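Breakdown of the fold
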Amino acid sequence: MDNTFYYIVSCDCCRKIIKTLPEKAILLFHDIQISPLKDSEIDQLATMAGSYEALFNKKAVLYRTLNLKDATLSEADYKHYLNSYYTLLKHPIIVINNKIYIKNSPKNTLEVLSILK
């Protein structure tokens, strides 16, 4: 996968991280709201992350709305929901040099910034 920043343009955390990226950073920016990921892209990200569950946003409003909190989900279920609802994908997800960084933890942000300098 190319070095890519997967985000949702309306996400404050995503916008904040984008502003901190060095100008010379060579990244593709992929707004998953405007251009939802293809099944194959989600498969690639899940392989990098180790599971579909690792990509799944359990803090999303939709997660509670669909009552998924009380469900026992399999990897196939996580894959189905990720393919159906872009908001259930954790964001941002940054792929650099075939390594995946999920969410905006300080550790991930610092590592990404140090790589891109």
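Let us look at the nonpolar core. L45, L55, F56, L82, L88 and I93 are the most contacted members of the largest nonpolar core, which totals 37 residues. Of all the elements in the fold, those that place two or more residues in this core are β1 (4-7), α1 (12-20), α2 (39-49), α4 (75-84), β3 (93-96), β4 (99-102) and α5 (106-116). If we ignore the near neighbours within four places in the chain, the residues touching L55 are I42, L45, A46, A49, L82, L88, L89, K90, I93, I100 and I102.

This part is about the side chain of H30. Tracing the sequence through the fold places H30 in strand β2 (residues 28-31). Beyond its immediate sequence surroundings of up to four residues, H30 is in contact with T4, F5, Y6, Y7, S35, P36, L37 and E41.

Attention shifts here to the pattern of salt bridges. Under the counting rule described, the total for this entry stands at four salt bridges. K58 is the salt-bridge partner of E53, the closest N and O atoms lying 2.7 Å from each other. For E53, a relative accessible area of 35% gives the class partly exposed. We classify K58 as partly exposed; its relative accessible area is 35%. Across the pair K99 and E111 runs a salt bridge whose closest N-O atoms are separated by 2.9 Å. Here K99 is found in strand β4, whereas its partner E111 is found in helix α5, with 12 residues between them in sequence. For K99, a relative accessible area of 41% translates into the label partly exposed.

Now for the environment of L73. Inspection of the secondary structure assignment puts L73 in the loop between α3 (61-65) and α4. Classification of L73 as buried rests on a relative accessible area of 16%. Expressed as a C-alpha distance, the spacing of L73 and Y6, which sit 67 residues apart in the sequence, is 24 Å.

The rules behind the values
Residues numbered from 1 in each chain as written. Predicted model: local features only at pLDDT ≥ 70, side-chain atom pairs only at ≥ 80, totals over all residues. Heavy atoms only, no water. Core = buried A, V, L, I, M, F, W, Y, C linked by side-chain atoms within 4.5 Å. Buried < 20%, exposed > 50% of the residue type's maximum accessible area, 1.4 Å probe, protein only. Helix = DSSP H or I, 4+ residues; strand = E, 2+ residues; numbered from the N terminus. Contact = heavy atoms within 4.5 Å. Salt bridge = Lys/Arg side-chain N within 4 Å of Asp/Glu carboxyl O.

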